[in-house]
Amino acid sequence: MLASLAFPPATSDSTIPAVLHLKTGQSFTGRNFGAPKSVFGETVFSTSITSYTESMTDPSYRGQILVFTTPLIGNYGVPVNSAPYDTQDVGVVLESSGIQCTGVVVSDLAEKFSHYKAIESLASWCTRHNVPGITGVDTRAVTRLLRDQGTTLGRLAVGDDASAPRPESHEYWDPSAENLVEQVSTRMPYTLNPQGDVRIAVLDFGTKANILRALVRRGASVTVLPWNFDFNAVRDQFDGLFLTNGPGDPKQCMEAAMNVRKTIQEWDKPVFGLCMGHQIIGLAAGLDAYRMTFGNRGHNQPVLALASSGSIKAGRVYVTSQNHQYALKLEDPFPAGWEPFFINCNDSSVEGIKSTSDSGKRVWGVQFHPESAGGPLDTIEMFSDYVTECRMVKAAQAASKPLLDAAFTAPPERIAVSATA
Ligand SMILES: NC(=O)CC[C@H](N)C(=O)O
């Protein structure tokens, strides 16, 4: 009996040297765990204190070396990541089928782990997925640097490379120059829960699995389409459009944004986007997107609602899960037919936009992850709001009646916001 409770053997007692080099000239030494190989990537930090498994399988971390500010990482191990496929699940337990970040940086790797679902250590999982890690780094020092100088290109140099000269600055690979979405989006359309009563099309920029779970659990049939699929050619078959998160610069997906612009102009069904999806909706609305200094990555980002809509009440602050480097520019005035929906309480960046209630449109975008895996579920009901709205529009159009817009009638209160706020 007791034997089954014993810790599995430690799998990383590596003494392989490793160094994190930043393009700006700083280096941090430590020990390698996971794959004994060197990588380039964009060095970013996350303040999340749990869910390293979900973060590392989030396709939005593609091309990035992920620094965890929480010192002890790996103490609850890694679970089995495959779920038996049926119409109610999405085939994985974590956020995608593999590790998406290029490398990981931790202060203190837990070599022993304990969790009833864990089957292996963080180190052995990284080895299996050929992803290198470094432990023994003062991640607070790295984070303070990144906060000052911004997200910085980096090199995780492992083994012999650790004692080799630093790379020349032109040698650092810049993932944001690539269309990373192309690498993580589904190649072929597929449908989950085909018997669902409302049909939602999902444009996949690199979806986290929990977005699909959140829609399926609310009874929707979910058809996942490649990011550059011509949705306008098939839109009559659907009751709603959802735009997912995804890696890299949203302007790499301008073509998709212009297709969404056409959808919004010509189609009156509900459209909801989050993170990259929100940025795509913003570009479609005529807003601009910019690169933030160090972005927001963590599970404790407070956002203030500026307008009421569905379960969201103007004037309330919601704590949210986030992982982004880019943001929409706060313009004053906003483009006609659009209004800011949320604003970040820490840095005043735009956290959400929506179509105005007099625009005749039903479009919402949020920079954060309401389905948060991991993180707080303060805004999870936005998924219920959206699926309910799809149902109402479908029912009203089937009955050819004018729509009584109960779920999203915006109360008069508004919180004024300006670009100089
Ligand atoms: N998680 C996301 O969808 C991130 C969107 C975009 N890649 C950014 O970094 O801002």
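For clarity, every value in this text was computed on a predicted model and none was experimentally measured.

Undergrad: Please give an account of unusual backbone geometry that cites residues and values.
TA: Across the junction of Asp332 and Pro333, the peptide omega takes the value 5°, indicating a cis bond. Within the secondary structure, Pro333 is located in the loop between strand E18 (317–328) and strand E19 (338–344). Ala373 connects to Gly374 through a cis peptide bond whose omega is 0°. The topology assignment puts Gly374 in the loop between strand E21 (363–366) and helix H9 (381–398). Its identity is not glycine, yet Asn130 carries a phi of approximately 60°, on the positive side. Here Asn130 falls in the partly exposed class, since 13 other C-beta atoms lie within 10 Å of it. Unlike most non-glycine residues, Ser348 shows phi in positive territory, near 60°.

Undergrad: Tell me about the pairing of strand E1 (residues 17–22), residues and numbers included.
TA: For a regular strand, side-chain orientation follows a simple rule: the groups alternate between the two sheet faces. Taken across its six residues, E1 has five buried, putting it largely inside the fold. Where E1 lies against strand E2 (residues 27–34), five bridges are found, and the strand directions are antiparallel. When the sheet's bridge partners are listed, Leu20 is paired in E2 with Phe28. Between E1 and the antiparallel strand that follows it, E2, lie four residues; Gly25 among them carries a positive phi value of about 110°.

Undergrad: Describe in detail the domain arrangement of the protein, supporting the description with residues and values.
TA: In terms of domain boundaries, the protein breaks down into domain 1 (10–177) and domain 2 (181–398). Relative to domain 2, the C-alpha centre of domain 1 lies at a distance of 28 Å. Put simply, the parts of the chain that give the side of domain 1 that touches domain 2 at least two residues each are strand E3 (39–46) and helix H3 (139–149). It is E3 that contributes the most residues to the side of domain 1 that touches domain 2, three residues altogether. When the residues that make up the side of domain 1 that touches domain 2 are grouped by side-chain class, the tally is eight nonpolar, 13 polar and five charged.

Undergrad: Outline the site of the ligand, supporting the account with residue identities and numerical values.
TA: The environment of the ligand is made up of Ser60, Asn245, Gly246, Pro247, Gly248, Pro250, Cys275, Met276, Asn323, His324, Gln325 and Tyr326. Residue composition of the shell around the ligand, grouped by class: five nonpolar, seven polar and no charged.

Undergrad: Which residues make up the environment of Thr293, and what values do they have?
TA: Of note, Thr293 is situated in strand E17 (residues 289–305). Between the C-alpha atoms of Thr293 and Gly150, which are 143 residues apart in sequence, the distance is 4.5 Å.

Undergrad: Could you give me a rundown of the sheet that holds E3, with the residues and numbers involved?
TA: Strand order in the closed barrel formed by seven strands is E1-E2-E10-E7-E4-E3-E11, and the pairing between neighbours is mixed. Strand-to-strand twist in this sheet, taken as the mean axis angle between neighbours without regard to direction, amounts to 35°. Two elements, E3 and strand E11 (residues 152–158), share five bridges in a ladder whose sense is antiparallel. Within E11, the position partnered with Val39 by the bridge is Leu156.

Undergrad: Any details on the sheet that holds strand E12 (residues 190–192)? Residues and values, ideally.
TA: Taken in spatial order, the 10 strands of this open sheet run E12-E14-E13-E15-E16-E21-E20-E19-E17-E18, and their pairing is mixed. Each edge of the sheet is formed by a strand with only one pairing partner; in this case those strands are E12 and E18. On average, each strand axis in the sheet is tilted by 25° relative to the strand beside it, whichever way the strands run. As defined by bridge partners, E19 adjoins strand E20 (residues 350–355) across five bridges and the pair is classed as antiparallel. By the bridge assignment for E20, Phe342 is matched with Gly352. With respect to the sheet, helix H6 (residues 209–217) is in contact with E12, strand E13 (198–204), strand E14 (220–226) and strand E15 (240–243), its orientation differing from that of E14 by roughly 150°.

So, how was this worked out
Along each chain, residue indices are assigned from 1 in the same order as the chain's sequence is written. Restriction of local features to residues with pLDDT of at least 70 applies here, the model being predicted, together with a cutoff of 80 or more for giving and counting side-chain atom pairs; totals for whole chains, interfaces and linings are based on all residues. Each helix is a run of H or I in the DSSP string that is no shorter than four residues. Each strand is a run of E no shorter than two, and both are numbered from the N terminus. Whether a residue is buried, exposed or partly exposed follows from its count of other C-beta atoms within 10 Å of its own C-beta, namely 20 or more, 12 or fewer, or something in between, respectively; the C-beta atoms are built from the backbone. Strands are labelled as partners when DSSP assigns at least two bridges between them. Residue ranges assigned to each domain were obtained from an automatic or database domain assignment. Charged residues are taken to be Asp, Glu, Lys and Arg, nonpolar residues to be Ala, Val, Leu, Ile, Met, Phe, Trp, Tyr, Cys and Pro, and polar residues to be all remaining types, Gly included. Think of it this way: take the backbone, place a C-beta atom on it, and check whether that atom is within 6 Å of the molecule or strand, in which case the residue is near it. Angles shown run from 0 to 180 degrees and are taken between the N-to-C directions of axes, each axis being a line fitted to C-alpha atoms and, for helices, limited to the stretch in contact. It is the C-beta atoms, placed from the backbone, that decide contacts: two residues are in contact if theirs lie within 7 Å.

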